[in-house]
Amino acid sequence: MACAPSTRPSRSMLAPWPRPPPYRPPVSSPSSNHLTLRPFSDEDVELKSRSSFTGRSCRKEFLLDPTAGETLLESWQAVPGITKMNQQSTHRHWRPWVLMLTVIFLLGLTDVWNRGQTVRQLTSREAGYPESGARISSPQNRQGSGVTCLSIPEQDRFDCYPERDRVVTQKLCEQRGCCFVQVTMDLTGVPWCFYPPNFPSYILGNRTITELGEAGELTRRNKTYYPRDIWKLQLNVMFEADHRLHIKINDSSNPRYEVPIEVPRATKKAMNPLYTVEYSEDPFGIVVRRVSTRTVLLNTTVAPLFFADQFLQMSTSLPSTYLYGLGEHRAGFLHSVQWNTLTFWARDIAPQESVNLYGVHPFYLSLEPDGKSHGVFLLNSNAMDVALQPTPALTWRTIGGILDFYIFMGPDPNSVIQQYLEVIGLPSMVSAWGLGFHLCRWGYETSNTTWEVVKQMRKAGMPQDAQWNDIDYMTNYRDFTFDPERFASLPQLVADLHSHGQHYVMILDPGISSIQPPGSYWPYDEGLKRGVFITNTSGSPLIGKVWPGLTAFPDFTNPDTHQWWLDNLLHFHKAVPFDGLWIEACGHQERCHHSCTKRQDMNEPSNFVDGSESGCPTNELENPPFVPGVLGGSLRSRTICASVKQKALTHYNVHSLYGLMEAKASASALIKIRKKRPFVISRSTFPSQGKYSGHWLGDNRSQWKDMYFSIPGILNFNMFGIPLVGADICGFGGSTTEEMCVRWMQLGAFYPFSRNHNVQKEKAQDPTVFSASAQAAMKRVLLIRYSLLPYLYTLFHHSHIRGETVARALLFEFPEDKNTYSIDRQFLWGRSLLITPVLEPGASSVTAYFPKGVWYNLYTGSPLVSTGEYVKLPAPLDTINLHLREGEIIATQEPATTTWVSSGNPLYLLVALSQDTSAKGYLFWDDGESLDTYERNDYTYVEFTTDKNELTSKVLHVNVDASYIKVDIVSVFGVKFHPSRVIVNGKSVPFSHSSNQVLTVDNLHLPLEKQFSICWS
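Residues numbered from 1 in each chain as written. Predicted model: local features only at pLDDT ≥ 70, side-chain atom pairs only at ≥ 80, totals over all residues. Heavy atoms only, no water.

Participant: Quick one: what's the story with the overall build of the chain, residue by residue and with numbers?
Facilitator: When its secondary structure is counted, the chain shows 18 helices and 56 strands. Across the 1017 residues that make up the chain, the buried fraction comes to 63%. Carbon together with sulfur atoms contributes 53% to the accessible area of the chain, which is approximately 36,600 Å² in total. (Helix = DSSP H or I, 4+ residues; strand = E, 2+ residues; numbered from the N terminus. Buried < 20%, exposed > 50% of the residue type's maximum accessible area, 1.4 Å probe, protein only. Areas by Shrake-Rupley, 256 points an atom, 1.4 Å probe, with all protein chains shown as cover.)

Participant: Kindly report on the layout of surface pockets, identifying the contributing residues and their values.
Facilitator: Using a probe with the size of a water molecule, rolled over the atoms, empty space left in the structure can be pinpointed. Quantified by volume, the second largest pocket comes out at close to 730 Å³. As for the second largest pocket, its lining consists of 26 residues, and the residues nearest its centre are Asp 159, Tyr 161, Gly 189, Val 190 and Pro 191. Mapped by element, the contributors of at least two residues to the lining of the second largest pocket are β16 (340–344) and β19 (384–389). Per-element tally for the lining of the second largest pocket: the top contributor is β19, with 4 residues. In terms of residue class, the lining of the second largest pocket is made up of 14 nonpolar, 6 polar and 6 charged. (1 Å grid on protein atoms, 1.4 Å probe; cavity = no way out; pocket = protein on both sides within 12 Å on 5 of 7 lines; lining within 4 Å. Points joined across faces, edges and corners; volume = space filled by probe spheres on them. Nonpolar A, V, L, I, M, F, W, Y, C, P; charged D, E, K, R; others polar.)

Participant: Give me the lowdown on the sheet that holds strand β41 (residues 853–857), citing residues and values where you can.
Facilitator: Consider a sheet: its strands pair through backbone hydrogen bonds, and that pairing is either parallel or antiparallel. The strand order across the open sheet built from 6 strands is β37-β38-β39-β44-β41-β42, with neighbouring strands paired in antiparallel fashion. Looking at strand neighbours, the two that pair on one side only are β37 (807–808) and β42 (863–866), the edges of this open sheet. The pairing of β37 with strand β38 (residues 827–829) spans 2 bridges and is antiparallel. For Arg 808, the partnering residue across the bridge sits in β38 and is Leu 828. (Pairing = 2+ DSSP bridges.)

Participant: Just give me the short version of the sheet that holds strand β26 (residues 544–546), but keep the residues and values in it.
Facilitator: Here we have 3 strands laid out as an open sheet, ordered β25-β27-β26, and antiparallel in their pairing. One side of each edge strand has no neighbouring strand; the edge strands of this open sheet are β25 (512–513) and β26. Pairing of β26 with strand β27 (residues 549–552) involves 3 bridges; the strand directions are antiparallel. Considered in β27, the bridge of Lys 545 is made with Leu 550.

Participant: Which residues make up the state of the cysteines, and what values go with them?
Facilitator: On inspection of all chains with the given rule, the structure shows 5 disulfides. Covalently, Cys 173 is tied to Cys 193 through a disulfide, its sulfur atoms 2.2 Å apart. Sign of the S-S torsion, about 90° for the bond between Cys 173 and Cys 193, identifies this disulfide as right-handed. With a gap of 20 residues between them, Cys 173 in helix α5 (residues 170–175) and Cys 193 in strand β5 (residues 193–194) connect regions that are remote in the sequence. With relative accessibility at 1%, the residue Cys 193 sits in the buried group. A sulfur-sulfur separation of 2.0 Å characterises the disulfide bridge that pairs Cys 730 with Cys 741. One disulfide, between Cys 730 and Cys 741, carries an S-S torsion of 90° and so falls in the right-handed class. In this pair, Cys 730 is assigned in the loop between β35 (728–729) and α14 (738–748) and Cys 741 in helix α14, connecting sequence segments 11 residues apart. Note on Cys 741: relative accessible area 0%, which makes it buried. (Disulfide = S-S within 2.5 Å.)

Participant: I'd like a description of the packing of helix α9 (residues 522–530) against helix α10 (residues 559–575), backed by residues and values.
Facilitator: At a minimum axis separation of 11 Å, α9 and α10 run at an interaxial angle of 160°. With respect to α10, the axis of α9 lies roughly antiparallel. In terms of crossing hand, the pair formed by α9 and α10 is right-handed. Here α9 contributes Trp 522, Pro 523, Glu 526, Gly 527 and Arg 530 to the contact with α10, which in turn contributes Gln 563, Trp 564, Asp 567 and Asn 568. Of the residues belonging to the contact of α9 with α10, the class tally is 3 nonpolar, 3 polar and 3 charged. (Axes fitted to C-alpha atoms, helices over the stretch in contact; angles between N-to-C directions. Parallel < 35°, antiparallel > 145°, perpendicular 65-115°, else oblique. Left-handed = near helix turned anticlockwise from the far one by under 90°. Contact = heavy atoms within 4.5 Å.)

Participant: Requested: an account of empty space enclosed by the protein, with residues and values cited.
Facilitator: Taken as a whole, this structure holds 8 cavities of 30 Å³ or more when the rule is applied. Estimates place the volume of the largest cavity at around 200 Å³. Along its surface, the largest cavity is lined by 18 residues, and His 329, Arg 330, Leu 697, Phe 709 and Gly 713 are the ones closest to its centre. Tallying contributions element by element places helix α13 (residues 704–719) first for the lining of the largest cavity, with 7 residues. The residue inventory of the lining of the largest cavity, partitioned by class, reads 9 nonpolar, 6 polar and 3 charged. Taken as a whole, the second largest cavity holds about 140 Å³ of empty space. Lining the second largest cavity we find 16 residues, and of these Ser 428, Val 430, Ser 693, Gly 694 and Leu 724 sit closest to its centre. Taken together, the residues of the lining of the second largest cavity sort by class into 11 nonpolar, 5 polar and no charged.

Participant: Describe α10, listing the residues and the values that go with them.
Facilitator: With 17 residues, α10 extends 26 Å between its outermost C-alpha atoms, agreeing within 8% with the 24 Å of an ideal straight helix rising 1.5 Å per residue. Within α10, the full set of buried residues consists of Thr 561, Trp 564, Trp 565, Leu 566, Asn 568, Leu 569, Phe 572 and His 573. For α10, the elements touching its buried residues are β24 (503–508), β25, α9, β28 (580–584) and α12 (658–674). Its side-chain oxygen 2.9 Å from the backbone nitrogen of Asp 560, Asn 558 forms the N-cap of α10. (Expected span 1.5 Å × (residues − 1). Polar contact = N/O pair within 3.5 Å; in protein donor to acceptor, adjacent residues only side chain to side chain.)

Participant: How would you summarise the pairing of strand β6 (residues 202–209) if you had to cite specific residues and measurements?
Facilitator: In terms of strand pairing, β6 meets strand β7 (residues 213–220) through 6 bridges, oriented antiparallel. Across the sheet, the residue bridging to Ile 209 is Glu 214, located in β7. Once β6 ends, the chain turns through 3 residues before running back antiparallel as β7.

Participant: Just give me the short version of the packing of aromatic side chains, but keep the residues and values in it.
Facilitator: Overall, the coordinates contain 52 aromatic pairs when judged by the stated rule. Each residue in the set Tyr 195, Phe 199, Tyr 225, Tyr 226, Phe 306, Phe 311 and Phe 626 is aromatic and connected to the rest through ring pairs, giving one cluster. Positioned above the aromatic ring of Tyr 202, the side-chain terminus of Arg 220 is 4.5 Å from the ring centre. Over the ring of Trp 582 we find Arg 755, and its NZ or CZ is 4.4 Å from the ring centre. (Phe/Tyr/Trp six-rings, centres within 6.5 Å; stacked < 30°, edge-to-face > 60°. Lys NZ or Arg CZ within 6 Å of the ring centre and 35° of its normal.)

Participant: With reference to specific residues and values, describe the pattern of salt bridges.
Facilitator: Under the defined criterion, the tally for this structure stands at 37 salt bridges. Where Arg 330 meets Asp 706, a salt bridge forms, and the shortest distance between an N and an O atom there is 2.5 Å. In this pair, Arg 330 is assigned in the loop between β15 (323–327) and β16 and Asp 706 in helix α13, connecting sequence segments 376 residues apart. Its relative accessible area of 9% is what places Arg 330 among the buried residues. Using a relative accessible area of 5% as the deciding quantity, one classes Asp 706 as buried. For Arg 755, the salt bridge goes to Asp 728, with nearest N and O atoms at 2.6 Å. You can see Arg 755 sitting in strand β36 (residues 754–758) and its partner Asp 728 sitting in strand β35, a full 27 residues away along the chain. With respect to burial, Arg 755 and Asp 728 carry one shared label: buried. Put simply, Arg 802, Glu 804, Arg 808, Glu 813, Arg 831, Arg 885 and Glu 888 are held in one network by salt bridges that share partners. (Salt bridge = Lys/Arg side-chain N within 4 Å of Asp/Glu carboxyl O.)

Participant: Explain the pairing of strand β45 (residues 888–893) residue by residue, including any values.
Facilitator: Most of β45 is tucked away, with 6 of its 6 residues classed as buried. Burial along β45 is two-sided: the face carrying Glu 888, Ile 890 and Thr 892 and the face carrying Ile 889, Ala 891 and Gln 893 are both buried.

Participant: Give a description of unusual backbone geometry that names residues and reports values.
Facilitator: Omega for the peptide link from Thr 391 to Pro 392 comes to 0°, which places this bond in the cis form. Here Pro 392 shows up in the loop between β19 and β20 (393–398). Along the chain, Gly 410 connects to Pro 411 via a cis peptide bond; the corresponding omega equals 20°. With a phi angle near 75°, Glu 445 is a residue other than glycine that sits in the positive phi range.

Structure (structure tokens):
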């Protein structure tokens, strides 16, 4: 029925939707037989005042506590405006209820009196169960009145009609039992159709204590407007660690698809959790709070829970508007919560705003009002929308699987990410050469042209560690082939690269050509024999279309496919001994690019036709009742049919895992072939992929805005546990300008993964094609990168063993400084190095934000003392601004043109003294390519500290590689007095001290493997 006006607030306004105040129920034990009634506390009143409803005070509400006597009943007192009964009520039978409450009250007092004055609130540990509770409201069975609907503020309206393929009308809306209020055009994004306060949901019952926490049964009494509701659900709340809560909601009767990635299995309940969990029983909801501050982190009572076969939805309030993560999307680092819907379904499309892109990462980091932070991860791989609204609130809306949430308590951003990676897996350790400079182009056309580019780079003295080839090296774009005419000299090119300490990377697409005569193309023939291809509903290989024409798609969820993939790579490696793989998913020929590691390409998977050459069947998987906002409007758009079969699964469930599974197969194959660390770069990604591959941000364009968007991209993927990430330097599509390419090379030199790559039939953009001054600027910044590789390599080690980010947003280090919350035009390497690129044409200066403290110019050592302010810095075309944070020590190295040559050069230490003259830093060192050096204790790890004018090294672990390395120069920034002498290991040595407070000691020749001391006075 329509929302009609009313002369007084309806009781339905008092139900929990949409957005009740965060509340604090008492401990509720399913094993207790007692019952306690208590009114809201003063804190509850303060929280209640934030409610989106203005009419809530017309009903007296109680929190029901099954643990009678645990709260002194003498604290029961009336709260004005909250406990006052509605005097306009026409209910004639209220007096018996008052009598009943009075009896319960008196019985409770007697119980307290009999036990004396020793009753107190039990802690969670003492009670033997987690702190929990329930707000019980009277069931609301009536449609809300007009006042109820209209009284819900626009920002608090949760969308009841999220379908994008139609315009919602009042009739359609009210058929769902929802409120319909048309808003003016200036309120863009506000839903016209939204849930009333009394919308039916699940009821929580049968709560029991488990080894890890609590379990309960969720029961639905009313059918929803989506087919095949799951009427009974199993709720499991697991206190897996003090900093990690796991909430899982599943069908209690029938198995459902769950994401097949490894996650830790807790064996005992957390003893001192940093969170409390509270429950609303009818309608069901969960509230998670931080113990130390009582801040509500998760509150699902704001909107109804849906759990149908192909429509699952849960909403939560957010503690602030500062929200990050939720990739892969092209946007600023800080998400907008102004009616912003993000879609998740791996898709081949050149990066653009407001569409689903290559990867799926349903994880967010949220800042709390006091600067603390937490994270939430939904382990679900089905197509989904995440709707953000200015409440602030968030709605998860997915079309399959289960609701499997992890909540990470932080409390700082760095620890949130580390806790997230404890679940999805730590990144693998990168090969040292993978951190060098890489060069590629789609359009070299011949191996001789490729070789000539390499020679020109050497002639110019440009650092380069890897040369790549895109798909033009193949015979008719077929995997595991190279053109015998145009690329006849490819084996000799690779041999030449190896003789110079360089490496070769090539691209692979997952689409395997199916059009050759039988017996003429082993990869397809053998694949058919082994049954490794994805099949259609009839059991035959699904045939799509990509670069070679008609193609079949390997099923990487099948272990047999991994062996087939290895066999093909091994055969090709004997002819062309490649060093890495590039795996991508590209579907538009005019936009697609490829490269030369084994690049994994087309791995969303991409398809030039929708579904297959013969179309897709008409069924519920191809046409689900709700389709998230995927680009193209259907799940099969530019990919394969959702209903096709994979190993014991359907593509509907595992589509967005394709890149992950291919990366896993590729990394495994490279380890077996090369017996060294694998180097794999993938376009499509999913949580846990950092264990197997890096990522590049896809087919960008040679535009200044693309340069800017690359920074949020690398920051996000470091949050997602894929630290080896970068964008195509100078842009892939279109033609760059010399100024743009210089500035982009300066920025790209500080991407964790640094590669210049562009498309065919555009101007070349490798460094040697530009003017002498541009080449000099590019060479300079690449040499700076190579000098910093010891520090960068150490950061990757810390990422590998501890889950730390490599490229890091400023807010991660300065969460107490709100000015850093939206900064995404600058970033840090680790905690030490601040990078401020120029991102606009024609600029000779750049404005940088410096958090409070001392920051030293990396080039000169000159200090900049900041109170937390923006500073305008000179930025000539040949310079990128770099600043070293006080209190840090980083190891650098005399650079060369390859990482192999650089690795034998002497080390330089840069010491940035804090205002109390202390500093600390670390260096990780090994051979740069062997497997599991840390796990096998085959490495060197050194700690450097400065205190009271003395620098010392402490060798925490050592191996033979350290015996070849010397520390030659030490520069100490911030030495405010002119020393009279410098003592190294007890001996006086020459030194210099500049007017900008830099102390330099050179010609030291100190073995890295031995501890040393340098003091000045």
